[in-house]
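Spelled out, the chains give:
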Amino acid sequence: MNWVDKYIKKQKQKELEFIKKIKEQENNKYYKIPDEYLNHPLFADYNEVIEGKFSKEIGEELEKLFDDDDYVICIHRTGLDLEENKDQIDDIFNNGLMNAGGPYHGFTLTPLEYFPLVISQVLTSSHYRHGTCRGGVIAKIPKKDLGLKEGEPKPIWFQVNEYNYRLLPEYIYGYIPSYGDKVETIYRNENYTNVHNYQNDGLYYDREAKLEKNKTM
């Protein structure tokens, strides 16, 4: 091999190393689900599905939320857009998530029992209702308040009028937009709290609240 061929080969190796380094830096921006959550065959290829699509910071934040065994994470997918409908999202954060028709009228909170489903449901929320949704409202509710764990259940609803109820703002963790199968930001609710004293008037507890059942498993 003459010096020209050696030079060309060396330059190609440098280019490949540079490309590899850029890809590694890019991949470090995105989240990968830890193996401990992928021990069911259904979730085996989830990291391939979400590759390069889910913010590492948000993924790790949701992982911490999910790992709190006293709580269940729920999602309410919505057509509200963070840029165009911020005032309406703020209304949910400040006044609660509306459930028209009363607490027995099919409240659309989906409890997520498996962490890979948290990631996938957030990522694909824009596909819901024939693509009319723009993101998901994330709620973190104590299991005992839904009758899912021992302890005295407390109210999770606030009665607005004869027909309308709202999920209390203190349960609503935030809103995550999903644009084109990409999750890159989270809008957190400053009114969310892990402490619930239930001192307000008008609270209503519905032990049989119609939480949308997750059919995946």
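**Considering the overall build of the protein chain**
- From N to C terminus, the protein chain includes 6 helices and 9 strands.
- Across the 217 residues in the protein chain, those meeting the buried criterion constitute 42%.
- The contacts of the protein chain with a sequence gap of at least 6 include a subset with a gap of at least 24, amounting to 77%.
- By element, 48% of the accessible surface of the protein chain is carried by carbon and sulfur atoms, the whole surface being about 13,000 Å².

**Concerning the packing of aromatic side chains**
- Inspection of every chain in the model, using the stated rule, returns 9 aromatic pairs.
- Taking the centre distance of 5.1 Å and the plane angle of 35 degrees together, the rings of Phe93 and Tyr187 count as tilted. Here Phe93 is found in helix H4 (residues 86-95), whereas its partner Tyr187 is found in strand E8 (residues 187-188), with 94 residues between them in sequence.
- Consider the rings of Tyr173 and Tyr192, whose centres lie 5.4 Å apart with planes at 70 degrees: the pair is edge-to-face. With Tyr173 in strand E7 (residues 172-177) and Tyr192 in the loop between E8 and strand E9 (203-204), the pair connects residues that are 19 residues apart, well separated along the chain. Comparing Tyr173 with Tyr192, the two get one shared label, buried.
- Taken together through their ring pairs, the aromatic side chains of Tyr31, Tyr37, Phe54, Phe66 and Phe115 make up a single cluster.

**Concerning the sheet that holds strand E4 (residues 135-142)**
- Sheet architecture is open: 5 strands sit in the order E3-E1-E4-E7-E8, paired in antiparallel fashion. Since the sheet does not close on itself, it has two edges, and those belong to strand E3 (110-112) and E8, each with one partner.
- Where E7 lies against E8, 2 bridges are found, and the strand directions are antiparallel. Paired with Gly174 across the bridge in E8 is Arg188.

**What to know about the confidence of the model for the protein chain**
- Residue-level pLDDT values for the protein chain average 79, and 75% of them are 70 or greater.
- Below pLDDT 50 for its whole length, residues 102-106 participates in 16 contacts with residues either more than four positions away or in separate chains.
- Low pLDDT, under 50, characterises residues 204-217; the predicted model gives this stretch 48 contacts beyond four residues in sequence or across chains.

Definitions and limits used
- Residues numbered from 1 in each chain as written.
- Predicted model: local features only at pLDDT ≥ 70, side-chain atom pairs only at ≥ 80, totals over all residues.
- Heavy atoms only, no water.
- Helix = DSSP H or I, 4+ residues; strand = E, 2+ residues; numbered from the N terminus.
- Buried < 20%, exposed > 50% of the residue type's maximum accessible area, 1.4 Å probe, protein only.
- Contact = heavy atoms within 4.5 Å.
- Areas by Shrake-Rupley, 256 points an atom, 1.4 Å probe, with all protein chains shown as cover.
- Phe/Tyr/Trp six-rings, centres within 6.5 Å; stacked < 30°, edge-to-face > 60°.
- Pairing = 2+ DSSP bridges.
- pLDDT = per-residue confidence, 0-100.

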